[in-house]
Amino acid sequence: MKSKIALLTILVFSAFHASGINKKDPIRLLNWWEYLSQEAVEFLEKEGHHLNVTTYKSNEVAISQLITNKENIDVVIVSNQIIPSILKDKVIYTNIFDKKSINSEYHELFKPILDHCVPYLWSTTIFVLNTKQNNLHVPTNIAQLRELKKQKITIATIDDKFETLARIQAENQKNCPVNKNAYRFPACDFKHLKDISLGLLPSEFTTSIADIIKNENTAAYGWHGETGAIIDKKTVSIALPDGPPIVGFDAVCIVKNRHSGARLKQLKEFAQTLGSRKVVQFNVARTQYFSPYINDNMNLRPEISELFNNLNTRIKEQSAIMIYSPSSNLHSKINMWWKKIRYGK
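Within any chain, residue numbers begin from 1 and follow the written order of that chain's sequence. Given that this is a predicted model, residues contribute local features only at a pLDDT of at least 70 and side-chain atom pairs are listed and counted only at 80 or more, while totals for whole chains, interfaces and linings are drawn from all residues. Side-chain descriptors were evaluated using all non-hydrogen atoms of the structure, hydrogens and water having been removed beforehand.

1. Overview of the packing of aromatic side chains
Item 1. Two rings from Phe, Tyr or Trp (for Trp, the six-membered ring) form a pair when their centres sit within 6.5 Å of each other. Planes less than 30 degrees apart are called stacked, planes more than 60 degrees apart edge-to-face, and all others tilted. Under the defined criterion, the tally for this structure stands at 13 aromatic pairs.
Item 2. Seen in terms of ring centroids, Trp 337 and Trp 338 are 6.0 Å apart; in terms of plane orientation they differ by 45 degrees. Their pairing is tilted. A single burial state applies to Trp 337 and to Trp 338, both of which are buried.
Item 3. Positioned above the aromatic ring of Tyr 293, the side-chain terminus of Arg 277 is 4.0 Å from the ring centre. The rule is simple: take the accessible area with a 1.4 Å probe, protein chains only, and divide by the maximum for that residue type; under 20% is buried, over 50% is exposed, in between is partly exposed. A ring has a charge above it when a Lys NZ or an Arg CZ is no more than 6 Å from the ring centre and no more than 35 degrees off the ring normal.

2. Let's talk about unusual backbone geometry
Item 1. Despite not being glycine, Asn 95 shows a phi value in the positive range, around 50 degrees.
Item 2. The residue Asn 95 is located in the loop between α3 (83-88) and β5 (117-130) in this model.
Item 3. For Asn 295, which is not glycine, the phi torsion reads 55 degrees and is therefore positive.
Item 4. Mapped onto the fold, Asn 295 is located in the loop between α8 (277-287) and α9 (302-318).
Item 5. Classification of Asn 295 by relative accessible area gives exposed; the value is 65%. The way it works is that DSSP assigns letters per residue, a run of H or I at least four long becomes a helix, a run of E at least two long becomes a strand, and they are numbered from the N terminus.

3. Focus: the pattern of salt bridges
Item 1. One side-chain nitrogen of Lys or Arg within 4 Å of one carboxyl oxygen of Asp or Glu is enough to make a salt bridge. Overall, the coordinates contain 8 salt bridges when judged by the stated rule.
Item 2. Between Arg 263 and Asp 74 there is a salt bridge whose closest N-O contact spans 2.8 Å. On the criterion of sequence distance, the pair formed by Arg 263 in helix α7 (residues 261-274) and Asp 74 in the loop between α2 (59-68) and β4 (75-79) is long-range, its members being 189 residues apart.
Item 3. For Arg 263, a relative accessible area of 13% corresponds to the buried category.
Item 4. The salt bridge partner of Lys 132 is Glu 216, with a shortest N-O separation of 3.9 Å. Of the two residues, Lys 132 is situated in the loop between β5 and α4 (142-147) and Glu 216 in the loop between α6 (209-213) and β8 (218-223); the sequence distance between them amounts to 84 residues.

4. With respect to the confidence of the model for the protein
Item 1. On average, residues of the protein score 86 in pLDDT, and 85% of them reach the 70 mark or higher.
Item 2. pLDDT gives the predictor's per-residue confidence on a scale running from 0 to 100. The contact rule is simple, with two residues in contact once any of their heavy atoms fall within 4.5 Å. Residue range residues 3-23 is modelled with pLDDT below 50. Its contacts to residues more than four positions away, or to other chains, number 53 contacts.

5. Here we look at the environment of Val 118
Item 1. By the element assignment, Val 118 lies in strand β5.
Item 2. A relative accessible area of 6% places Val 118 in the buried class.
Item 3. Each C-alpha atom of the pair Val 118 and Cys 253 lies 6.5 Å from the other, and the pair is 135 residues apart in sequence.

6. What to know about the nonpolar core
Where a protein is soluble and globular, its nonpolar side chains tend to be buried together.
Item 1. Judged by nonpolar contacts, the single largest core of 106 residues is most densely connected at Trp 122, Phe 249 and Leu 274.
Item 2. By residue number, the principal contributor to this core is β5, which donates 9 residues. The term nonpolar core refers to a set of buried residues drawn from Ala, Val, Leu, Ile, Met, Phe, Trp, Tyr and Cys, joined through side-chain atoms within 4.5 Å.

7. Remarks on the pairing of strand β3 (residues 51-56)
Item 1. Most of β3 sits inside the fold, with 5 of its 6 residues counted as buried.
Item 2. Only when DSSP finds a minimum of two bridges between them are two strands counted as paired. Note that strand β2 (residues 27-32) and β3 share 6 bridges and pair parallel. Looking at β3, one finds that Arg 28 is bridged to Asn 52.
Item 3. A right-handed crossover is one whose linking path, passing over the helix from the first strand to the second, runs clockwise when the strands point away from the viewer. Note that the unit made of β2, helix α1 (residues 38-46) and β3 has a crossover that is right-handed.

8. Focus on the side chain of Ser 276
Item 1. Note that Ser 276 resides in the loop between α7 and α8.
Item 2. Of note is the side chain of Ser 276, whose polar atom sits 2.6 Å from the backbone oxygen of Thr 273. Pairs of N or O atoms are called polar contacts if they sit within 3.5 Å, as long as, within protein, a hydrogen donor faces a hydrogen acceptor (for residues adjacent in sequence, only side-chain-to-side-chain pairs).

9. Concerning the state of the cysteines
One way to say it: the disulfide is the covalent bond shared by the sulfur atoms of two cysteines.
Item 1. Disulfide: a pair of cysteine sulfur atoms within 2.5 Å of each other. Taken as a whole and assessed by the stated rule, the structure comprises 1 disulfide.
Item 2. Each sulfur of the disulfide joining Cys 117 and Cys 253 lies 2.1 Å from the other. Every disulfide takes its handedness from the sign of the S-S torsion; for Cys 117 and Cys 253 that torsion is 105 degrees, giving right-handed. One end of the pair, Cys 117, is in strand β5; the other, Cys 253, is in strand β10 (residues 246-254), with 136 residues separating them in the sequence.

10. What about the pairing of β8?
Both faces of the sheet carry side chains from a regular strand, because those side chains alternate between them.
Item 1. Within β8, 6 of the 6 residues are buried, which leaves the element mostly enclosed by the surrounding structure.
Item 2. Bridge analysis of β5 against β8 gives 6 bridges, and the strand direction is antiparallel. Bridge pairing in β8 links Phe 127 to Tyr 221.

11. Description of helix α10 (residues 328-343)
Item 1. In a regular helix each residue adds 1.5 Å, so 16 residues correspond to 22 Å; α10 covers 22 Å between its end C-alpha atoms and thus fits that length.
Item 2. All of the buried residues in α10 are Leu 330, Ile 334, Trp 337, Trp 338, Ile 341 and Arg 342.
Item 3. Of the surrounding elements, those touching the buried residues of α10 are α5 (161-170) and β7 (205-206).
Item 4. Looking one or two residues beyond α10, the residue adopting positive phi is Gly 344, at roughly 65 degrees. One fewer than the residue count of a helix, multiplied by 1.5 Å, yields its expected span.

This is the structure in structure tokens:
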């Protein structure tokens with residue numbers, strides 16, 4: 001649910017409290033940037049989990065790290081978009097968790113992965129407007145976003161080919177309908193993909209909409225959690241886009257290495273603690289992404305809580321689009337289209 005290509009390594013060290021907790025080997029965690037609150041880190045360490053955290057800012061970087069540096073990673077927090085591929089390539093452990101006792105606790109989005117990974121957080125894409133101009137309204141589609149430029153509003157959109165194409169699918173239901181019985185993208189083969197244009201400039205794609213919308217007279221399309229830092233401002237308004245909502249989630253998975261039985265037990269315990277209600281509440285308060293637990297809107301700010309309720313209603317009425325990597329043939333076609341759209345080539 002993030003889209004900036006970079007890699008930053010953060011070492012999280014702290015002394016354990018004199019509470020009788022035995023110090024364990026550090027857990028090497030690969031995670032999205034700014035996706036683990038300090039309160040969560042402190043709680044995990046009190047539970048005996050000493051962390052060495054490496055962060056990333058795109059699915060591409062995560063995949064690269066899992067391929068080239070797998071032996072130095074114990075646990076990864078990863079997007080639903082790439083879970084099928086890392087399961088297929090046996091990068092993470094499969095059938096390691098017992099979903100029977102926890103299946104009913106989680107939002108249905110997570111049901112396909114409960115045997116393999118622990119649910120972490122989920123999100124939806126939104127439009128956001130930051131301005132004092134009372135005559136302007138937050139857009140609900142890409143065309144309305146473009147129109148705001150005429151009002152001297154700086155615009156931006158998410159810098160990801162699949163998430164951009166999913167937006168096109170959502171706004172083009174006549175030719176590319178969503179299957180109401182499944183969360184799935186892509187839902188069609190995009191036969192005329194080369195003719196599709198967003199009408200946006202290459203410079204209007206951004207690695208983080210948070211960097212844009214913190215300024216007044218801006219508007220953007222991206223994941224809702226990136227508005228968390230400014231959502232309380234009176235100048236900011238948000239809206240779900242037209243059509244079926246686009247959703248995505250992240251989960252905690254254990255990387256398949258040569259672990260001893262005791263080490264694997266420790267990693268499972270850590271993953272389950274990381275996805276526990278306690279830690280989730282810390283992270284929701286910090287990020288404003290959604291809890292994986294059913295109907296749990298605790299620690300959401302009022303505007304995000306309202307979005308959460310509207311989103312769940314919309315999902316029941318229209319289903320939703322969940323982004324997964326497409327087949328290799330369509331992937332190649334999308335790459336060619338994206339090169340033209342993103343870089344003007």
